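# Topology and contacts: notes
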Amino acid sequence: MNKVVNNVETALEGLESDMTIMLGGFGLCGIPENSINHMVTMNISGLTCISNNAGVDDFGLGLLLQKKQIKKMISSYVGENDEFERQMLSGELEVDLIPQGSLAERCRAGGAGIPAFFTPAGYGTEVAEGKEVREFNGKPHILESALTADFAIVKAWKGDTEGNLIYKATARNFNPMMAMAGKITIAEVEELVPAGELDPNQIHTPGIFVQRIFQGEKFEKRIEQRTVRQKQ
Amino acid sequence: MALDKNGIAQRIAQELKDGWYVNLGIGIPTLVANYIPEGIEVEFQSENGILGMGPFPFEGEEDADLINAGKQTITAMKGAVFFDSATSFAMIRGQHVQLTVLGAMEVAQNGDIANWKIPGKMVKGMGGAMDLVASADNIIVAMMHANKAGVSKLLKSCTLPLTGVGCVKKVVTNLAVMEIKDNAFHLLERAPGVSVEEIIAATEGDLIVPEHVPEMSF
């Protein structure tokens, strides 16, 4: 089944104000940067964004924050972004901070037809407030619910016309779970190849989870913390 | 002499055992990787999705797709593996990781830890810390004994929002190594040249001091 769309404009068709959007990536690593750059130019606002982080001031989701297109962020860590902090402390931006593993599992559950699950993470903390607690094997756990989204936007290294995806290194992160949890999942890839070119043994996300795929026009792939060592 | 950050990391490295998978948090814990004792093989897990994390790359060899949980560019060791975030936290929650080392703003004598939020001041989020402390059997906290204002970080009970309850077993600071059990800090070792009195004075929580407290050896 051919999932290819010509460009980012077509890929994002139907994405409207007030929708819930999942965006893959960890920090700036593995984020769908072509889609985000295009969302900035669309006349949309009031978005609920589910993403582990919120980008930096001038890259990634930080760009949508600057234009006040985001109403609510669901994330695990939001440092490195001054505009984010300002909007949050002034009450303009709603923020739901949840443990990283719970965020990953809630997306996975959403895509896997599991409505909720118990986890030990967050028991006895603010995160547990209002949540059901149950003991298993003598240890308290809290009930976390699944997350789904109107659109999930993921970034992969290689993809084929069937929507099968392969990620590179740690740019995989949240992308596979989010790909499963979108009503419509858009994959932007660095390299789009005909079906049959990718080794079926090596595919990370089966194309059944992907509705639209396109090759990104340009990937800046910005590095957030450049750390190096000197040659001896 | 109180230890510096590298000294704390070096002391914690002595806790490593051959064959362990280890998760190192951001800050002092990251430095532990520089002091792996000879003859010991450990593998480092970073929760954004790598097992077998290597040192920083040489200049010019950075890869934007290869970072650690602190978003720093890294390398992958021979035999390394990449995985998604759900799998990563399956390793952590499923207790497949033998040791977690992380920093803290406060630790209480009952093992509570706070390290993610200062209400009204700093709200960055917990990242993977809550999953890590809720599941790991073996958690070592690496931190300075007092905060920048000189106030003890080893308390009777935490004042900041908690990251986890009753989970910390051991704390290594610039002054001492302490074990947490029976609702108290138990002094195990002191930093070279640091007196027991200094440690008592710097600890707000209940501190059990045995008759003989050895100096850390390096």
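The structure under discussion appears in the preceding block.
Now for a description of the structure that goes with this document. Only a predicted model underlies this, so the values are computations on that prediction, with no experimental measurement involved. Here the residue numbers are simple positions, counted from 1 along each chain's written sequence. Lettering of chains starts at A and numbering of ligands starts at 1, both following the order in which they are written. Confidence filtering applies because this is a predicted model: local features only for residues at pLDDT of at least 70, side-chain atom pairs given and counted only at 80 or more, and all residues used for totals across whole chains, interfaces and linings. As a rule here, side-chain values cover all heavy atoms of the structure and leave hydrogens and water aside.

### Looking at the interface of chain A and chain B
- Pairs of residues are marked as contacts when any of their non-hydrogen atoms sit within 4.5 Å. Facing 51 residues of chain A, the contacting portion of chain B comprises 48 residues.
- When the two sides are added together, the surface that chain A and chain B hide from each other amounts to roughly 4,200 Å², 59% of it contributed by carbon and sulfur.
- Of all residues in chain A, T170, T227 and R229 of chain A bury the most surface against chain B, accounting for 16% of the area lost on that side.
- We define a salt bridge as a contact between a side-chain nitrogen of Lys or Arg and a carboxyl oxygen of Asp or Glu at a distance within 4 Å. Linking chain A with chain B are 6 salt bridges.
- Here K231 of chain A ties to E61 of chain B by a salt bridge, and the two come within 3.9 Å at their closest N and O atoms.
- Two N or O atoms form a polar contact when they lie within 3.5 Å of each other; inside protein one atom must be a possible hydrogen donor and the other a possible acceptor, and for residues adjacent in sequence the pair counts only when both atoms belong to side chains. Seen at the junction of chain A and chain B, the total is 26 residue pairs in polar contact (both at pLDDT 80 or more).
- Of all the secondary-structure elements, those providing two or more residues to the side of chain A that touches chain B are α4 (82-89), α5 (100-112) and α6 (175-181) of chain A.
- Looking at the side of chain A that touches chain B element by element, the count peaks at 6 residues for α5 of chain A.
- Gly falls in the polar group here, along with every residue not listed as nonpolar (Ala, Val, Leu, Ile, Met, Phe, Trp, Tyr, Cys, Pro) or charged (Asp, Glu, Lys, Arg). In the side of chain A that touches chain B, the residues fall into 20 nonpolar, 16 polar and 15 charged. Buried surface area refers to the total accessible area, computed with a probe of radius 1.4 Å, that the two partners give up upon joining, counted for both partners together. Comment: elements are numbered from the N terminus, with helices defined as DSSP H or I runs of at least four residues and strands as E runs of at least two.

### What to know about the pairing of strand β14 (residues 184-190) of chain B
Residues and elements named next belong to chain B.
- Most of β14 sits inside the fold, with 5 of its 7 residues counted as buried.
- Two strands qualify as a pair provided DSSP detects at least 2 bridges between them. Where strand β13 (residues 176-181) folds back on β14, the antiparallel hairpin that results is connected by 2 residues, among which D182 adopts a positive phi of roughly 50 degrees.
- Sheet topology places β14 next to strand β15 (residues 207-208); 2 bridges connect them, and they run parallel. Counted as the bridge partner of F185 is L207 from β15.
- Handedness of a crossover is defined as follows: with both strands directed away from the viewer, a clockwise route from the first strand across the helix to the second makes it right-handed. Remark: the β14/helix α5 (residues 196-202)/β15 crossover connection has right-handed handedness. Here the term buried applies to any residue with accessible area under 20% of the maximum for its type, exposed to any over 50%, and partly exposed to those in between, with areas from a 1.4 Å probe on protein chains only.

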